[in-house]
Amino acid sequence: MLTVTFTINGIDTSSRSASADMEGFFPQMVVLFLNYLAGLILHFFVNGHYKTANPVHELMATFVYLLILLALIMPITMHLLPKYPEWKDAKWIGLTVVLVKFIVDAGFSRAGKTTAQISNPG
């Protein structure tokens, strides 16, 4: 994820064709795919979560997570940071994305612990 984030402003699209631009993304796409594949295998299959998982709950939890993440990242990176030219650099955008994702992950982790305590008192 970070390799894609930090190369957004490093791509020169003025001198190359569209197919040449996509060649630069191939290693990042492979790393991103392998990252998500490893997460799926480790967090869903290896720990046995697939035995008790509800497909609807799994999909809705993912969609809610992405909705919250995008609702926070998009206004910051598309509207707030461009208003300040000194913050428009790729490193600040990447840092913002990582920071917001960390905060959202911490919130979901805390919410998951609270939900587990409510459903299993004692």
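Criteria and thresholds
Residues numbered from 1 in each chain as written. Predicted model: local features only at pLDDT ≥ 70, side-chain atom pairs only at ≥ 80, totals over all residues. Heavy atoms only, no water. pLDDT = per-residue confidence, 0-100. Helix = DSSP H or I, 4+ residues; strand = E, 2+ residues; numbered from the N terminus. Phe/Tyr/Trp six-rings, centres within 6.5 Å; stacked < 30°, edge-to-face > 60°. Buried < 20%, exposed > 50% of the residue type's maximum accessible area, 1.4 Å probe, protein only. Core = buried A, V, L, I, M, F, W, Y, C linked by side-chain atoms within 4.5 Å. Contact = heavy atoms within 4.5 Å. Expected span 1.5 Å × (residues − 1). Salt bridge = Lys/Arg side-chain N within 4 Å of Asp/Glu carboxyl O.

*Asks:* Sorry, what's going on with the confidence of the model for the protein here?
*Replies:* Close inspection of predicted coordinates is inappropriate in any region flagged by low pLDDT. In this model, the protein carries a mean pLDDT of 77, and residues with pLDDT of at least 70 account for 73%. For the protein, per-element mean pLDDT is lowest for helix H1 (residues 2-5), which scores 52, and highest for helix H3 (residues 55-80), which scores 86.

*Asks:* Please explain the packing of aromatic side chains as it appears in this structure.
*Replies:* Pairs of aromatic rings are described using the distance from one ring centre to the other and the angle between the two planes. Applying the stated criterion to the full structure yields three aromatic pairs. Their ring planes at 85° and their centres at 5.2 Å tell us that phenylalanine 44 and phenylalanine 45 sit as a pair that is edge-to-face. Owing to a relative accessible area of 41%, phenylalanine 45 belongs among the partly exposed residues under this scheme. Between tyrosine 65 and phenylalanine 108 the ring centres are 5.2 Å apart and the planes differ by 80°, which places this aromatic pair in the edge-to-face class.

*Asks:* Mind showing me how you'd approach the nonpolar core here?
*Replies:* Nonpolar side chains tend toward joint burial in soluble globular proteins. Listed in full, the six residues of the largest apolar core are Tyr65, Leu69, Ile73, Val97, Val100 and Val104. Not counting the four nearest positions on each side in its chain, valine 104 is found in contact with Tyr65, Ile68, Leu69 and Leu72.

*Asks:* Before we go on, may I ask you to explain H3 in this structure?
*Replies:* The periodicity of an α-helix, 3.6 residues per turn, causes residues three or four places apart in sequence to face the same way. Spanning 26 residues, H3 covers 37 Å between terminal C-alpha atoms, matching the ideal 38 Å at 1.5 Å per step. Every buried residue of H3 is accounted for by Tyr65, Leu69, Ile73 and Thr77.

*Asks:* Got a minute to help me understand the pattern of salt bridges in this structure?
*Replies:* Between side chains of opposite charge, a pair can form when the charged atoms approach closely. Taken as a whole, this structure holds one salt bridge when the rule is applied. Across the pair lysine 101 and aspartate 105 runs a salt bridge, and its minimum N-O distance is 2.9 Å. Highlighted residues: lysine 101 and aspartate 105, both in helix H4 (residues 90-119), separated by four residues, approximately one helical turn.

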